Amino acid sequence: MTEPHTPLTDAPSWMDRLNWVGATASLICAIHCLAMPLLVGVLPILGLSLLTSPWLEWSLIGFTGAVGLLTLLPSYHWKHRRLQPLALFLLGFGLILAAKFLLDEGSSLETSGMVTGALFVAGANLTNHRLTHTCTTCRH
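Residues numbered from 1 in each chain as written. Predicted model: local features only at pLDDT ≥ 70, side-chain atom pairs only at ≥ 80, totals over all residues. Heavy atoms only, no water.

Trainee: Can you walk me through the packing of aromatic side chains in this structure?
Mentor: Any two aromatic rings considered together are summarised by their centre-to-centre distance and by the angle between their planes. On inspection of all chains with the given rule, the structure shows two aromatic pairs. An angle of 40° between the planes, with centres 5.5 Å apart, marks the rings of W58 and F101 as tilted. One end of the pair, W58, is in helix α2 (residues 54–80); the other, F101, is in helix α3 (residues 84–102), and 43 residues separate them in sequence. Taking the centre distance of 5.5 Å and the plane angle of 10° together, the rings of F89 and F93 count as stacked. A residue pair is termed a helical-turn pair when its members lie 3 or 4 positions apart in one helix, as F89 and F93 do in helix α3 at four residues. (Phe/Tyr/Trp six-rings, centres within 6.5 Å; stacked < 30°, edge-to-face > 60°. Helix = DSSP H or I, 4+ residues; strand = E, 2+ residues; numbered from the N terminus.)

Next comes the structure, spelled out in structure tokens:
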């Protein structure tokens, strides 16, 4: 007798799409963090000062965190039981939060911490996606 399939085993599922959204959002966050120090003086002239807004930055951080948790926790519980994606996510999101709260706004160290953290979060989403599709010892 076969076990019933969970929504995570149906491909492409909403979880797959959310994994890709999370990875993409994290990469956009990294690009935003890299570009802002270079473009901060030019964006208001172009009418794009919204891109320098702290509101946008916190929205990106919150969105990537929420998507990460919404994909990684169910995938861990229902599918692969591997801690690697969760560890990558916690490391990356911890770096992002530490950079925002502990380092000077606009410093190169803050930018480095934010970019590195965002790349770890993107890596967590991509690793999670790979594990949900290639894990041979996963729960089905």
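Picking up after the structure, the text goes on.
Trainee: Please explain the environment of A124 as it appears in this structure.
Mentor: Mapped onto the elements, A124 comes out in helix α4 (residues 108–134). A residue is classified by how much of its surface remains accessible, and A124, at 0% relative accessible area, is buried. When the C-alpha positions of A124 and A23 are compared, they lie 7.9 Å apart, and in sequence the two are 101 residues distant. Those residues within four positions of A124 in sequence are excluded, and the remaining contacts are L72, P85, L88 and F89. (Buried < 20%, exposed > 50% of the residue type's maximum accessible area, 1.4 Å probe, protein only. Contact = heavy atoms within 4.5 Å.)

Trainee: I tried to follow the packing of α2 against α3 on my own but got confused; where do I start?
Mentor: When two helices pack together, you describe them by how their axes are tilted relative to each other and by the distance separating the axes. For the pair α2 and α3, the least separation of the axes is 10 Å and the interaxial angle reads 160°. The angle between α2 and α3 places the two elements in the roughly antiparallel class. Viewed along their axes, α2 and α3 form a crossing whose handedness is left-handed. Where α2 approaches α3, its residues E57, W58, I61, T64, G65, G68, L69, L72, L73, Y76 and H80 are matched on the opposing element by P85, L86, F89, F93, I96, L97, K100 and F101. The residue inventory of the contact of α2 with α3, partitioned by class, reads 13 nonpolar, four polar and two charged. (Axes fitted to C-alpha atoms, helices over the stretch in contact; angles between N-to-C directions. Parallel < 35°, antiparallel > 145°, perpendicular 65-115°, else oblique. Left-handed = near helix turned anticlockwise from the far one by under 90°. Nonpolar A, V, L, I, M, F, W, Y, C, P; charged D, E, K, R; others polar.)

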